[in-house]
Amino acid sequence: MCDHKTYREMQARKDVAGLIFSYATKQCADCGSVLWSQKNEAQFQQWLGAQRKRHGDKFVVQKVQIPSDLADFAIELAESNHSTTSAVFQACLSFYFIRGASQPELLEVLANVQPGAQPLILQSKFRVKPKLFVKLDASAKLFNQNMNEVASWVIQRVLYAARAGLQSMRNEIEFALAA
Amino acid sequence: MKLLERIRNAIASGNVEYWENRPQHLTRADFDEVFSGTPDLSKLQMAPRESIGGEHGLDGEDSVYKGAISIAGFGGTRILYLKFFFWKKGDPHGEQGIEVQSFKLWSPKNV
């Protein structure tokens, strides 16, 4: 197993939703591993943030499946918050992948939720923030699933918990919709 | 401080040097996702660090952690291989960083 003892300077590229992030880094001369440094991470996050305005249409989630009763609940949430169902879905994902890190007890609840077996409704595609897209993509690859499967898993459970009376979860969705 | 907490602190403070070798290795984004959850680190083992290579070879701790970890999510469980060490040496309760030397899907060949 290589310990990356010697390396050379190089220019590397990372593909995100078909967009290329190019960065200067080091490559191990022995095994070919490429360093993703603190500086590269900071540059990447800055680059990612800038993509939303120019290429927001690239960061989309498609073919999310929601049980019909939860789709009705999403519509109800959207209407009562003067928003859209797409925004409700984004709020669910945003809670799970971003704000949820500071609330592990809520994530634990979601892991144990069992949404019912209502007929599934296929939702059309919706945009997400680039940072959220990267997290969804990483989780999908990590668990060998498609991005829409991971998004469906999260959205179904967040909506189910909110509808079942978990007020803190409903608050999280409404907070995101109001932001 | 528990090992998981030390790793999360390093991630939160941005002190992560991450070596990736595509396509075998997972990405830095994968690494962040795993540690935003609660991976099982109980099978990680400590071993003497064998070289002073890498970004923090000189100021890193003398031991590496390596072995299989597992993470559950989205209805499944994944077993991964992780090898890393902490820097800076001698400051286990300060703002430490980590240098990840290897992070990939686990296979018997990794051991």
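What am I meant to see in the overall build of chain B here?
Secondary structure summary: chain B contains 2 helices and 5 strands in total. Counted from the first residue to the last, chain B has its helices and strands arranged as α-β-α-β-β-β-β. The C-alpha atoms of chain B give a radius of gyration of 13 Å, which matches the 13 Å a tight globule of 111 residues would have. Its C-alpha atoms give chain B principal-axis dimensions of about 40 × 25 × 25 Å.

So what exactly am I meant to see when it comes to the confidence of the model for chain B here?
Low pLDDT means the predicted coordinates in that region are not meant to be read closely. On average, residues of chain B carry a pLDDT of 87, and 93% of them reach 70 or more. Confidence estimates for the predicted assembly give a pTM of 0.87 and an ipTM of 0.86.

So what exactly am I meant to see when it comes to helix α6 (residues 147–163) of chain A here?
Because an α-helix packs 3.6 residues into every turn, residues spaced three or four apart end up facing the same way. All names here are of chain A. Taking 1.5 Å per residue as the helical rise, α6 with its 17 residues ought to reach 24 Å, and the 24 Å between its terminal C-alpha atoms agrees with that figure. Burial of α6 is extensive: 14 of the 17 residues sit out of reach of the surface. Taken from the residues just after α6, G165 is the one with a positive phi, measuring 110°.

For this particular structure, what's the right way to read the packing of α6(A) against helix α7 (residues 167–178) of chain A?
Each pair of packed helices can be described by the angle between their axes along with the distance between the axes. Residue and element names in this part refer to chain A. With their axes 7 Å apart at the nearest point, α6 and α7 run at an angle of 120° to one another. The orientation of α6 relative to α7 falls into the category oblique. Crossing of α6 over α7 shows left-handed handedness. Facing V158, A161 and A162 of α6, the residues of α7 in contact are M169, R170 and I173. For the contact of α6 with α7, the per-class residue count stands at 5 nonpolar, no polar and 1 charged.

The rules behind each value
Residues numbered from 1 in each chain as written. Chains lettered and ligands numbered in written order. Predicted model: local features only at pLDDT ≥ 70, side-chain atom pairs only at ≥ 80, totals over all residues. Helix = DSSP H or I, 4+ residues; strand = E, 2+ residues; numbered from the N terminus. Rg over C-alpha atoms; globule rule 2.2 N^0.38 Å. pLDDT = per-residue confidence, 0-100. Expected span 1.5 Å × (residues − 1). Buried ≥ 20, exposed ≤ 12 C-beta atoms within 10 Å, placed from the backbone. Axes fitted to C-alpha atoms, helices over the stretch in contact; angles between N-to-C directions. Parallel < 35°, antiparallel > 145°, perpendicular 65-115°, else oblique. Left-handed = near helix turned anticlockwise from the far one by under 90°. Contact = placed C-beta atoms within 7 Å. Nonpolar A, V, L, I, M, F, W, Y, C, P; charged D, E, K, R; others polar.

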